[in-house]
Amino acid sequence: MKSASVKAFFSCSFKDSDREVNDFFRSICEGLDISCYNVDSGYSDLPPDRALSMIANSDAVIAIATARNQFQGTDDFSMPEAVSNEISFAYSLKKPLLVIKEENVRADGFLNSYGTHLAFNRSKMCTNEFLRKAILSIHNVKLGALTDHELLLSQEVTEFIA
């Protein structure tokens with residue numbers, strides 16, 4: 001059976017230390033027929049303007065909030081500023097949004113207002129329990145991005161054999 005295809009803006013850090021995390025979640029997306037893209041090339045406009053335009057043209061947004069700067073005197077970290085901004089863009093445009101955040105990253109209250117999120121621990125990402133949750137969460141945001149009509153069309157049989 002053919003899977004319905006979705007275009008998702010994939011908000012993430014571009015630090016080398018986060019590449020493995022990003023590749024993990026991007027691979028799940030690709031396996032679920034979600035085409036991911038972001039501001040990873042050169043453009044004539046500013047990155048936030050390009051991101052806003054790309055998010056407006058996407059079906060959904062998947063944001064990977066990895067640990068960036070540690071808050072003094074705590075074990076908590078901020079998320080990359082660009083990821084935080086892109087989450088806000090998605091919310092303001094009413095796009096289906098999935099935030100996958102590292103356990104020690106502060107949500108600072110806004111995530112609970114925008115929707116739920118999936119927390120991950122880098123050392124436990126490949127466990128059966130987390131993998132099931134990650135696939136289910138990404139699948140759910142995909143379904144939220146599809147209209148009933150698109151879902152029916154993608155399930156339509158196109159060939160008959162007598």
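Residue positions are given per chain, counting from 1 as you read along its sequence in written order. pLDDT decides what is reported in this predicted model: residues at 70 or higher carry local features, side-chain atom pairs at 80 or more are listed and counted, and totals for whole chains, interfaces and linings draw on all residues regardless. Derived side-chain values reflect all non-hydrogen atoms in the structure, with water molecules and hydrogen atoms excluded from consideration.

Another aspect to go through is the overall build of the chain. Helix and strand counts for the chain stand at six helices and five strands. For the chain, the succession of helices and strands along the chain, N to C, is β-α-β-α-β-α-β-α-β-α-α. Exposure categories follow from relative accessible area, calculated using a 1.4 Å probe and restricted to protein chains: below 20% of the type maximum is buried, above 50% is exposed, and the middle band is partly exposed. The 162 residues of the chain split such that 38% are buried. Contacts were defined at the residue level, with two residues in contact if any of their heavy atoms lie within 4.5 Å. At a minimum sequence separation of 6, the contacts of the chain that also span at least 24 residues come to 70%. Values of accessible area rely on a 1.4 Å probe in the Shrake-Rupley scheme; residue burial ignores everything except the protein chains shown. When the accessible surface of the chain is summed, it comes to about 9,600 Å², and 51% of that surface belongs to carbon and sulfur atoms. To qualify as a helix, a DSSP run of H or I must reach at least 4 residues; to qualify as a strand, a run of E must reach at least 2; elements of each kind are numbered from the N terminus.

In this section: the layout of surface pockets. Approximately 180 Å³ is the volume attributed to the largest pocket. Any residue with an atom within 4 Å of a point lines the site, the site being either a cavity, points on a 1 Å grid over the protein atoms alone where a 1.4 Å probe fits but cannot get out, or a pocket, an open set with protein on both sides within 12 Å along at least 5 of 7 lines. In terms of lining, the largest pocket is formed by 13 residues, of which the most central are Pro-47, Pro-48, Ala-51, Ala-82 and Glu-86. Broken down by secondary-structure element, the contributors of at least two residues to the lining of the largest pocket are strand 1 (6-11), helix 2 (47-56) and helix 3 (81-92). A per-element tally of the lining of the largest pocket places helix 3 first, with four residues. Residue polarity is assigned by list, with Asp, Glu, Lys and Arg as charged and Ala, Val, Leu, Ile, Met, Phe, Trp, Tyr, Cys and Pro as nonpolar; anything else, Gly included, falls into the polar class. A per-class count over the lining of the largest pocket returns nine nonpolar, three polar and one charged. Grid points are joined across faces, edges and corners, and a volume is the space filled by probe spheres set on the points.

This part takes up the packing of helix 2 against helix 3. Note on geometry: axes are C-alpha line fits, over the in-contact stretch for helices, and angles between N-to-C directions span 0 to 180 degrees. Packing of helix 2 against helix 3 brings their axes to within 10 Å, and their N-to-C directions diverge by 40°. Handedness of the helix 2/helix 3 crossing: right-handed. Residues Pro-48, Ala-51, Leu-52 and Ile-55 of helix 2 form the contact with helix 3, whose participating residues are Glu-86, Phe-89 and Ala-90. Of the residues that constitute the contact of helix 2 with helix 3, the class distribution is six nonpolar, no polar and one charged. Crossing handedness is read from the near helix: turned anticlockwise from the far helix by less than a right angle, it gives a left-handed crossing, and turned clockwise, a right-handed one.

Grouped together as the largest cluster of nonpolar side chains are 27 residues, with contacts concentrated most on Phe-25, Ile-62, Ile-100 and Ile-138. Every element with two or more residues in this core is listed here: strand 1, helix 1 (19-31), strand 2 (34-37), strand 3 (60-65), strand 4 (97-102), strand 5 (117-120) and helix 5 (128-145). Residue contacts for Ile-100: discarding those within four places in its chain leaves Phe-25, Ile-62, Ala-63, Ile-64, Ala-65, Leu-118, Phe-120 and Ile-138. Put simply, buried Ala, Val, Leu, Ile, Met, Phe, Trp, Tyr and Cys residues joined by side-chain atoms within 4.5 Å make one nonpolar core. Counting residues in each nonpolar core, the second largest holds nine residues, with Ala-63, Ala-65, Phe-77 and Ile-87 among its members.

When DSSP finds two or more bridges between two strands, those strands count as paired. One open sheet accounts for five strands, arranged 2-1-3-4-5; its pairing is parallel. With partners counted over all chains shown, the strands left at the sheet margins are strand 2 and strand 5, one partner each. If you compare each strand with its neighbour and ignore which way they point, the axes differ by 25° on average. Two strands pair when backbone bridges link them, and strand 3 and strand 4 are joined in this way by five bridges, in the parallel orientation. Its bridge partner lying in strand 4, Ala-63 is registered against Val-99. The strands touched by helix 1 within the sheet are strand 1, strand 2, strand 3, strand 4 and strand 5, with strand 2 carrying the most contacts at an inclination of about 145°. The sheet contacts of helix 5 involve strand 1, strand 2, strand 3, strand 4 and strand 5, and relative to strand 5 the element is tilted by about 155°.

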